[in-house]
Amino acid sequence: VQLQASGGGSVEAGGSLRLSCTASGRTFSSYALAWFRQAPGKDREFVATITRRSSITYYRDSVKGRFTISRDNAKNTVYLQMNSLKPEDTAVYYCAGRSESGDLYYIRDYDYDVWGQGTQVTVSS
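Each value, and the rule that gives it
Residues numbered from 1 in each chain as written. Predicted model: local features only at pLDDT ≥ 70, side-chain atom pairs only at ≥ 80, totals over all residues. Heavy atoms only, no water. Disulfide = S-S within 2.5 Å. Helix = DSSP H or I, 4+ residues; strand = E, 2+ residues; numbered from the N terminus. Buried < 20%, exposed > 50% of the residue type's maximum accessible area, 1.4 Å probe, protein only. Contact = heavy atoms within 4.5 Å. Core = buried A, V, L, I, M, F, W, Y, C linked by side-chain atoms within 4.5 Å. Pairing = 2+ DSSP bridges. Axes fitted to C-alpha atoms, helices over the stretch in contact; angles between N-to-C directions.

### Let's talk about the state of the cysteines
Scanning all chains against the criterion turns up one disulfide. For Cys21, the disulfide goes to Cys95, at an S-S distance of 2.0 Å. The sign of the 60 degrees torsion about the S-S bond sets the Cys21-Cys95 disulfide as right-handed. One end of the pair, Cys21, is in strand 3 (residues 17-24); the other, Cys95, is in strand 9 (residues 91-99), with 74 residues separating them in the sequence. Each member of the pair, Cys21 as well as Cys95, carries the same accessibility label: buried.

### Structural notes on the environment of Asp43
Within the element layout of this structure, Asp43 appears in the loop between strand 4 (31-38) and strand 5 (45-50). For Asp43, a relative accessible area of 68% corresponds to the exposed category. Between the C-alpha atoms of Asp43 and Ala13, which are 30 residues apart in sequence, the distance is 23 Å. Setting aside its immediate chain neighbours within four residues, Asp43 contacts Arg37 and Gln38.

### Considering the nonpolar core
Core analysis: the biggest nonpolar cluster contains 29 residues, and Trp35, Leu80, Met82 and Tyr93 have the highest contact counts within it. Of all elements in the fold, only strand 1 (2-6), strand 3, strand 4, strand 5, strand 7 (67-72), strand 8 (77-82), strand 9 and strand 11 (119-124) reach the threshold of two or more residues within this core. Considering every element that reaches this core, the biggest residue donor is strand 3, with four residues. Grouped together as the second largest cluster of nonpolar side chains are seven residues, Ala34, Phe46, Ala96 and Tyr112 included.

### Observations concerning the sheet that holds strand 7
Strands sit in the order 1-3-8-7 across an open sheet of four strands; the sheet is antiparallel. On the outer flanks of this sheet lie strand 1 and strand 7, each paired with one strand and no other. Each strand axis lies, on average, 15 degrees off the axis of its neighbour in the sheet, ignoring direction. Two strands pair when backbone bridges link them, and strand 7 and strand 8 are joined in this way by six bridges, in the antiparallel orientation. Bridged to Ile69 within strand 8 is Leu80.

In structure tokens, the structure reads:
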């Protein structure tokens, strides 16, 4: 599987963006997926994850209630809907995946072995 992220851009605080990450290959439905982000001068951090069957989603505390992760296995795509954006959400956002035989989720970047290229999200105050 290869991942391709898109949908980033520049918005004002309070605005919304939807990121997409589309996969090539026929095993997308067997992958647990996640979004991470990295702001300038900071370590990459976990944002949200979704299990292969979409049974569980999990978010970092600072985005709960504002961001929603979802997936469409028929379209080989995972989404991150971001609402009520804040300047501190500014970062490069990465999608990541790992093959999963069960229905587990993971929040550490080292648990993922497939990464998309980043897409820049800039939120101005």
